[in-house]
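# Notes for the structure review
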Amino acid sequence: MNELEDLPTTDSGHITKRHSMKWLDGLDEQSGKELNDTVVPKPNGFTGSKYATEVSDIRVTGTADFVEAAASKFKALLEFEDDGTRVEINLQRTEDRDTGELTDNYALYLSVAERG
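Right, let's walk through the structure included here. Each chain has its residues counted from 1, running along the sequence as written. Restriction of local features to residues with pLDDT of at least 70 applies here, the model being predicted, together with a cutoff of 80 or more for giving and counting side-chain atom pairs; totals for whole chains, interfaces and linings are based on all residues. To obtain the side-chain values, all non-hydrogen atoms of the structure were used and water was disregarded.

## Comments concerning the environment of Leu-4
Under the DSSP-based scheme used, a helix requires at least four consecutive residues in state H or I and a strand at least two consecutive residues in state E, with every element numbered from the N terminus. With respect to the helices and strands, the residue Leu-4 is situated in the segment before α1 (17-25). Partly exposed describes any residue whose relative accessible area lies between the buried limit of under 20% and the exposed limit of over 50%, with all areas from a 1.4 Å probe on protein chains only and scaled to the type maximum. The class of Leu-4 is partly exposed, set by a relative accessible area of 40%. Considering only alpha carbons, one finds Leu-4 and Ser-20, 16 residues apart in sequence, at a separation of 8.8 Å.

Pasting the structure below:
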């Protein structure tokens, strides 16, 4: 049972920092199996924004050390690479919006998609 859905929100759906921090502090670390049991794969042929859908999507950005440490928490998703689903992964250095130059930071995007 999750507690996230019970947190109070503003009219725009925002959860205050105070409530968010208390929620985060109270979380137990999930096992890889528990994480995988919550994944909602992207349907085959899906297009458009995943933001407002139930599709599970992960984005992590920051220094190489941070992205690597955070990504280690999602290794269990590799189990979705099989005949029915595939892991979508995009790992790249980030670009400075003003100059177009590559930075020393990285972006990692992870999701699971149904195979067609």
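From this point, things continue past the structure.
## Describing the pattern of salt bridges
Within this document, salt bridges are pairs made up of a side-chain nitrogen of Lys or Arg and a carboxyl oxygen of Asp or Glu, the two lying within 4 Å of each other. In total, this model carries five salt bridges according to the counting rule given. Lys-42 is the partner of Glu-88 in a salt bridge, and the nearest nitrogen-oxygen pair spans 2.9 Å. Of this pair, Glu-88 sits in strand β2 (residues 85-95) while Lys-42 sits in the loop between α2 (32-37) and β1 (57-63), placing them 46 residues apart in sequence. Considered together, Glu-88 and Lys-42 belong to a single accessibility category, that of buried residues.

## Focus: the sheet that holds strand β3 (residues 102-114)
In this analysis, strands are considered paired if DSSP registers two or more bridges between them. Reading across from one edge, β1-β3-β2 is the order of the three strands in this open sheet, with antiparallel pairing throughout. The open sheet has two edge strands, β1 and β2, and neither has a second partner. Strand-to-strand, the axes of this sheet are offset by a mean angle of 15°, without reference to chain direction. As paired elements, β1 and β3 share seven bridges and run antiparallel to each other. Note that in β3 the partner of Asp-57 across the bridge is Ser-111. Relative to the sheet, helix α3 (residues 64-71) contacts β1, β2 and β3, its axis offset from that of β1 by approximately 150°. Interaxial angles span 0 to 180 degrees and are taken between N-to-C directions of axes, which are lines fitted to C-alpha atoms, for helices over the stretch in contact. Residues are treated as being in contact if the distance between any of their heavy atoms lies within 4.5 Å.

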